[in-house]
Amino acid sequence: MSSLSDLNSAPEVTWCAGQQLTELCALASSEPQDHAVTKLEKLPEEETVAVVGSAPWAAVVPQTDHQIAGCAPVGVGGQHEDPAVLAWSLAGGAEMVPTEPPAWPVQDAVQFCPLLEEVPYHEILWRDWEDLSVQPCDLEQASKNTPLFEFRVMSYNILAQDLVEQGHDLYLHCPPDILNWDYRLPNLLQEIQHWDPDVLCLQEVQENHYWEQLEPTFKKMGFACFYKRRTGRKTDGCAVCFKDSRFQLISVSPIEYFRPGLDVLNRDNVGLVLLLQPLLPEGLDLKAVSPLCVANTHVLFNPRRGDIKLAQMALLLAEIDKIAKTPEGSYYPVILCGDLNSVPDSPLYKFIRNGQLSYHGMPAWKVSGQEDFSQQLHSRKLVAPLWPCSLGVTDNCQYVTRCQPKKLGRRKYSRDFLLQFHFCDVACERPPQLVLLEGVTDAKPDRPAYWPKHAAVVNDPDLQPLIPRSSGVIQHGLNLTSVYSHFLPQRGRPEVTTMPMGLGATVDYIFYSAEPVENGSRGGRRLYRDGVLKLLGRLSLLSEDVLLMANGLPNPFCSSDHLCLLASFGLEVSSLREGTLLNVLYATQ
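All figures in this text were calculated on a predicted structure; none of them were measured in a lab.

Caption draft 1: Highlighting the overall build of the protein. Summing up its helical and strand segments, the protein has 11 helices and 23 strands in all. Burial status across the protein gives 51% buried among its 589 residues. A sequence separation of at least 24 residues applies to 73% of the contacts in the protein between residues at least 6 apart. Counting every atom, the protein has about 28400 Å² of accessible surface; 52% of that belongs to carbon and sulfur.

Written as structure tokens, this is what we have:
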């Protein structure tokens with residue numbers, strides 16, 4: 001499979017004017033129109049379209065070395081265009097962008113700035129591809145020429161249309177036309193088709209749009225799709241799609257975080273965990289590649305309820321632990337995508353990345369780091385245990401297996417060990433908290449004569465605690481690190497994945513399995529290096545000031561209030577050994 005750096009020579013992802021999607025037709029008229037979203041319609045090579053409250057826009061196609069038959073190359077005024085970047089630019093001779101800045105409706109919020117000169121959106125929102133395939137520390141490994149199964153993963157919160165209409169005050173800075181689903185859908189599909197991911201994790205996917213429009217279109221693009229709607233009356237959910245020419249499904253596990261009667265799990269968020277088997281090309285019959293676990297979720301937004309966020313993440317990690325665990329007790333490579341509604345270096349982020357969090361006494365708002373509520377006198381604080389034992393999840397974020405045979409023919413608790421509690425002296429002792437009432441609670445039962453004098457404790461080698469709980473500490477052993485560094489050194493600014501209320505923030509992530517460096521930590525952060533799963537590249541993110549120049553999110557170029565995340569990975573391909581074959585067969589059963 002070619003890498004993104006070779007997109008200029010890959011005809012299947014080359015764009016041409018004859019393949020522009022139908023959102024351009026919608027912009028040419030102020031009246032709503034019906035759109036066929038599952039097919040591409042032809043348009044002229046450069047068609048000027050009007051957007052309410054902004055300058056006219058035109059679709060401009062970047063030149064490539066190889067043009068698809070029937071698609072003529074379009075000039076871009078002598079400027080070299082990267083074919084791996086969507087190209088929207090101002091039409092020639094178009095009016096200047098209005099000089100009056102759009103009023104941001106919320107007091108004290110950041111005001112969006114107008115474009116001071118005629119600058120194309122695609123130049124403002126330019127995102128570079130960062131090639132990480134050969135790092136200085138990996139030169140020794142690279143010299144071994146280990147073959148890799150390369151694939152791309154995209155995570156994208158596409159902004160459900162119902163949420164746009166329910167929170168319209170959040171998007172007053174946007175021209176109304178670009179908020180219409182008939183405009184946004186072709187834009188989103190065009191962006192996904194352009195970057196051509198092999199695995200696609202989507203959040204805020206509206207249910208009727210998924211079944212009626214998105215799934216049929218994705219299937220035509222070669223994806224197998226799985227969807228989980230949020231519980232209750234919510235109309236959106238999460239979807240995971242993968243190219244069935246590159247992966248085979250082993251298992252799929254939808255997760256509902258809602259648990260009746262539990263305050264810490266009383267919200268309707270959901271997740272999906274898939275186990276996929278990569279399909280090697282022909283000619284590699286004697287080679288094998290490990291199964292891949294892909295998880296996708298959208299965690300609760302509420303900044304004040306960090307306790308719920310942590311409990312939801314613990315449930316997700318427990319499901320990943322179950323799905324990704326090998327017969328030997330290790331883990332298949334894991335990729336975790338999602339909108340976690342938590343900022344980098346927040347306690348929730350550190351828990352995922354460092355594998356441990358001491359939460360007892362922590363203010364609930366502090367877990368996600370979204371907002372500072374330290375001035376409030378009566379803020380909720382986390383207490384241990386965070387969730388009850390009845391949930392069946394340990395503090396190591398693993399499911400409890402009750403009475404699971406540890407050895408053939410034996411159970412966790414022996415019969416003799418359980419029978420000893422039939423003759424326990426504790427049953428004849430009065431509880432210290434019991435109120436003494438004469439004639440009611442003052443009686444003490446006599447010890448039956450047939451009870452043994454001393455109930456010896458049975459030394460059971462299989463005895464293990466049912467649900468081990470620690471004092472305010474939760475852990476996991478998945479060894480996850482982030483694809484992104486969350487900082488743009490060339491600009492000296494933080495990366496941004498969304499821009500609510502005019503303020504940039506990072507809340508979307510792609511985590512992946514890595515190997516921790518022995519005795520390696522820096523400032524409390526665990527250090528990792530690539531293992532079987534290697535990070536080969538990523539699509540750069542943008543900073544807040546750049547998005548302000550483009551009037552924030554959404555805009556005519558980006559049709560969601562989040563940026564998409566895209567990463568390229570490589571899975572080591574090994575020689576087929578007996579043990580490897582048994583693991584693959586075990587996973588597929």
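More follows now that the structure is in view.
Caption draft 2: Up close: the pattern of salt bridges. Summed over the entire model, instances satisfying the criterion amount to 19 salt bridges. Here lysine 234 makes a salt bridge to aspartate 268, at a shortest N to O gap of 3.1 Å. Here the residue lysine 234 occupies a position in the loop between strand 7 (223-229) and strand 8 (236-243), and aspartate 268 occupies one in the loop between strand 9 (247-256) and strand 10 (270-278), the gap between them amounting to 34 residues. The exposure class of lysine 234 is partly exposed, given its relative accessible area of 32%. A relative accessible area of 16% means that aspartate 268 is categorised as buried. A salt bridge links aspartate 307 to arginine 305, with the nearest nitrogen and oxygen atoms 2.9 Å apart. By the burial criterion, aspartate 307 is buried, and arginine 305 matches it. Among the charged side chains, a network of salt bridges with common partners joins Asp263, Arg305, Asp307 and Arg380.

Caption draft 3: Representation of the sheet that holds strand 19 (residues 508-513) within the structure. Taken in spatial order, the 6 strands of this open sheet run 9-10-12-13-19-16, and their pairing is mixed. The open sheet is flanked by strand 9 and strand 16 (480-482), the only strands paired with a single partner. Strand-to-strand, the axes of this sheet are offset by a mean angle of 20°, without reference to chain direction. Sheet topology note: the strand 16/strand 19 ladder contains 3 bridges and is antiparallel. Following the sheet pairing, serine 482 is matched in strand 19 by phenylalanine 511. Helix 8 (residues 347-354) rests against strand 13 (334-339), strand 16 and strand 19 of the sheet, and its axis sits at about 125° to strand 16.

Caption draft 4: Representation of the packing of helix 7 (residues 306-324) against helix 8 within the structure. Where helix 7 meets helix 8, the axes come as close as 11 Å, and the angle between the chain directions of the two elements is 20°. Judged on the interaxial angle alone, helix 8 and helix 7 are roughly parallel. Crossing of helix 7 over helix 8 shows right-handed handedness. Contacts between helix 7 and helix 8 involve Lys309, Leu310, Met313 and Leu317 on the former and, on the latter, Leu348, Phe351 and Ile352.

Caption draft 5: Here's a closer look at the packing of helix 5 (residues 181-195) against helix 6 (residues 207-220). The N-to-C vectors of helix 5 and helix 6 enclose an angle of 30°; their axes lie 12 Å apart at closest approach. Looking at the two axes, helix 5 sits roughly parallel to helix 6. The interaxial crossing formed by helix 5 with helix 6 has right-handed handedness. Listed contacts from helix 6 to Trp181, Leu185, Leu189 and Ile192 of helix 5 are His209, Gln213, Leu214, Thr217 and Phe218. For the contact of helix 5 with helix 6, the class distribution of residues is 6 nonpolar, 3 polar and no charged.

Caption draft 6: Representation of the environment of glutamate 207 within the structure. Relative to the helices and strands, glutamate 207 is located in helix 6. Using a relative accessible area of 30% as the deciding quantity, one classes glutamate 207 as partly exposed. Glutamate 207 sits 28 residues away from threonine 235 along the chain, and the two C-alpha atoms are 5.8 Å apart. Among residues more than four places away in sequence, those in contact with glutamate 207 are Tyr227, Arg229, Thr235 and Asp236.

Caption draft 7: Main features of the packing of aromatic side chains. Under the counting rule described, the total for this entry stands at 13 aromatic pairs. Both rings, one in tryptophan 211 and one in tyrosine 227, keep their centres 6.2 Å apart while their planes meet at 80°; by these two values the pair is edge-to-face. In this pair, tryptophan 211 sits in helix 6 while tyrosine 227 sits in strand 7, placing the two residues 16 residues apart along the sequence. You can call tyrosine 227 buried: its relative accessible area is 14%.

Definitions and cut-offs
Residues numbered from 1 in each chain as written. Predicted model: local features only at pLDDT ≥ 70, side-chain atom pairs only at ≥ 80, totals over all residues. Heavy atoms only, no water. Helix = DSSP H or I, 4+ residues; strand = E, 2+ residues; numbered from the N terminus. Buried < 20%, exposed > 50% of the residue type's maximum accessible area, 1.4 Å probe, protein only. Contact = heavy atoms within 4.5 Å. Areas by Shrake-Rupley, 256 points an atom, 1.4 Å probe, with all protein chains shown as cover. Salt bridge = Lys/Arg side-chain N within 4 Å of Asp/Glu carboxyl O. Pairing = 2+ DSSP bridges. Axes fitted to C-alpha atoms, helices over the stretch in contact; angles between N-to-C directions. Parallel < 35°, antiparallel > 145°, perpendicular 65-115°, else oblique. Left-handed = near helix turned anticlockwise from the far one by under 90°. Nonpolar A, V, L, I, M, F, W, Y, C, P; charged D, E, K, R; others polar. Phe/Tyr/Trp six-rings, centres within 6.5 Å; stacked < 30°, edge-to-face > 60°.

The quantities given are spatial measurements derived from coordinates; they are silent on function.
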